[in-house]
Amino acid sequence: MNAESQPLILREDSAGVVTLTLNRPGARNALSRPLMAALMEALGEAEADEAARVVVIAGAGPGFCAGHDLREVRANPGRAAYEALFAECSALMLRIQRLRLPVIARVHGVATAAGCQLVATCDLAVADPGARFATPGVNIGLFCSTPMVALSRAVGRKAAMRMLLTGEMIGADEALRLGLVSHLAAPGALEAETAALAALIAAKSPLTLEIGKRAFYEQAEKETEAAYAFASEVMTRNMLARDAEEGIDAFLQKREPVWEGR
């Protein structure tokens, strides 16, 4: 089977964890419009799967994702094509943030430009020690404005501006320090440690995860007093859920909870 006939997204399921692998290794998994469409479709299928608890996004081949496909970009010049491209990419990032399932990026090799944006957008990110990150658009006369949205919400302003203005690569250690990634795997343990993290989360109440993920992003955009009012209402509704009753009872009775997802 040649590269053109390979599926753009590979899916693997294991105990509630859905791993979606970007499958354009020869192009460093650059986010072509067909690849973004395939990922959007795969995310929708995962969300509709009642057995799914967590999504992991990974990359095939030597790197995670090198950003937009610049050959595709130059082959389709003009305002209409550019607007469509960036609208589709923004919709993909919002889809990940609004997905009912937690999403973990499993990062090796490079994650640059829109690939770095993808890492910053995911709820969590586990990085290989050799992973590197950059928003290098400034080096080719194209400021990484859409990656800037996710990046500036994941790390501090000065750190984001440094990456955006210089285009320099940062290593996995610094990405962890800045908050661009949440976990740094031991050498050779990226897949195992990502799987362990995903399994830990998948064992929680799916209803609670959905409520919590949605509330996290909504409160983050609110002023502090409004955020507390919003979070208090969310927590009240959560307390009324059957899974919260079960979880509290199980804790008091010193047993494992049995989640019902309601």
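Since the model is a prediction, treat every value here as computed from it, not as a measurement.

1. Regarding the pairing of strand E6 (residues 124-127)
Next, step 1: Strand direction decides the pairing type here: strand E4 (residues 103-107) and E6, joined by 4 bridges, are parallel. Bridged to Val107 within E6 is Ala127.
Next, step 2: In terms of strand pairing, E6 meets strand E9 (residues 183-184) through 2 bridges, oriented parallel. Directly across from Val126, in E9, lies its bridge partner His183.

2. Notes on the sheet that holds strand E8 (residues 170-171)
Next, step 1: If you trace the 3 strands from one edge of the open sheet to the other, you get E5-E7-E8, paired in mixed fashion. Here the strands that pair on one side only, and so sit at the sheet edges, are strand E5 (110-112) and E8.
Next, step 2: Bridging between strand E7 (residues 132-134) and E8 involves 2 bridges; their strand directions are antiparallel. For Arg132, the partnering residue across the bridge sits in E8 and is Gly171.
Next, step 3: Its contacts with the sheet put helix H4 (residues 114-121) on E5 and E7, and the angle it makes with E5 is roughly 95°.

3. A few points about the pairing of E4
Next, step 1: With 5 of 5 residues buried, E4 lies mostly within the body of the structure.
Next, step 2: Side chains Val103, Ala105 and Val107 project from E4 onto one buried face, and the interleaved Ile104 and Arg106 project onto a second face that is buried too.
Next, step 3: Both strand E3 (residues 54-59) and E4 contribute to a ladder of 3 bridges, which runs parallel. If you follow Val56 over to E4, its bridge partner there is Ile104.

4. With respect to the sheet that holds E9
Next, step 1: Read across the open sheet, the 6 strands follow the order E1-E2-E3-E4-E6-E9; overall the sheet is mixed. Strands at the two margins of the open sheet, each flanked by one partner only, are strand E1 (9-14) and E9.
Next, step 2: Strand direction decides the pairing type here: E1 and strand E2 (residues 17-22), joined by 6 bridges, are antiparallel. Among the inter-strand pairings, Ile9 is bridged to a residue of E2, identified as Leu22.

5. Observations concerning the pattern of salt bridges
Next, step 1: For the coordinates displayed, the defined rule picks out 17 salt bridges.
Next, step 2: Salt-bridge contacts for Glu210 lead to Arg214; the nearest nitrogen and oxygen are separated by 3.2 Å. Here Arg214 and Glu210 lie together in helix H9 (residues 206-220), a separation of 4 residues that amounts to about one turn.
Next, step 3: Among the residues examined, Arg214 registers a relative accessible area of 43% and is labelled partly exposed.
Next, step 4: Where Arg242 meets Glu260, a salt bridge forms, and the shortest distance between an N and an O atom there is 3.7 Å. Linking Arg242 in helix H11 (residues 242-252) with Glu260 in the segment after H11, this pair joins segments that are 18 residues apart in sequence.
Next, step 5: The class of Arg242 is partly exposed, set by a relative accessible area of 25%.
Next, step 6: Each of Arg242, Glu245, Glu246, Arg255, Glu260 and Arg262 takes part in a single network of salt bridges with overlapping partners.

6. Some points on a nonpolar patch on the surface
Next, step 1: Residues Met235, Met239, Ile248, Phe251 and Leu252 make up a contiguous nonpolar surface patch of about 590 Å² in total accessible area.
Next, step 2: Counting only elements with at least two residues in the nonpolar patch, the list comes to helix H10 (224-239) and H11.
Next, step 3: Topologically, Met239 is positioned in helix H10.
Next, step 4: On the accessibility criterion, Met239 (48% relative accessible area) is partly exposed.

7. Regarding the environment of Thr208
Next, step 1: Relative to the helices and strands, Thr208 resides in helix H9.
Next, step 2: In this structure, the C-alpha to C-alpha distance between Thr208 and Trp259, residues 51 residues apart in sequence, is 9.8 Å.

8. Quick notes on the side chain of Glu246
Next, step 1: Among the structural elements, Glu246 can be located in helix H11.
Next, step 2: If sequence neighbours within four positions are ignored, Glu246 has contacts with Arg255, Glu256, Pro257 and Val258.

9. Digging into the state of the cysteines
Next, step 1: Tallied over the full model, the rule gives 0 disulfides.
Next, step 2: The thiol of Cys122 is unpaired, and the distance to the nearest cysteine sulfur, on Cys65, comes to 10 Å.
Next, step 3: A relative accessible area of 5% means that Cys122 is categorised as buried.

10. Some thoughts on the environment of Gly130
Next, step 1: Relative to the helices and strands, Gly130 is located in the loop between E6 and E7.
Next, step 2: Along the backbone, Gly130 and Asn29 are 101 residues apart, and their C-alpha atoms lie at a distance of 17 Å.

Definitions and cut-offs
- Residues numbered from 1 in each chain as written.
- Predicted model: local features only at pLDDT ≥ 70, side-chain atom pairs only at ≥ 80, totals over all residues.
- Heavy atoms only, no water.
- Pairing = 2+ DSSP bridges.
- Helix = DSSP H or I, 4+ residues; strand = E, 2+ residues; numbered from the N terminus.
- Contact = heavy atoms within 4.5 Å.
- Axes fitted to C-alpha atoms, helices over the stretch in contact; angles between N-to-C directions.
- Buried < 20%, exposed > 50% of the residue type's maximum accessible area, 1.4 Å probe, protein only.
- Salt bridge = Lys/Arg side-chain N within 4 Å of Asp/Glu carboxyl O.
- Patch = residues over 30% accessible without salt bridge, like charges linked within 9 Å, V, L, I, M, F, W, Y side chains within 5 Å.
- Areas by Shrake-Rupley, 256 points an atom, 1.4 Å probe, with all protein chains shown as cover.
- Disulfide = S-S within 2.5 Å.

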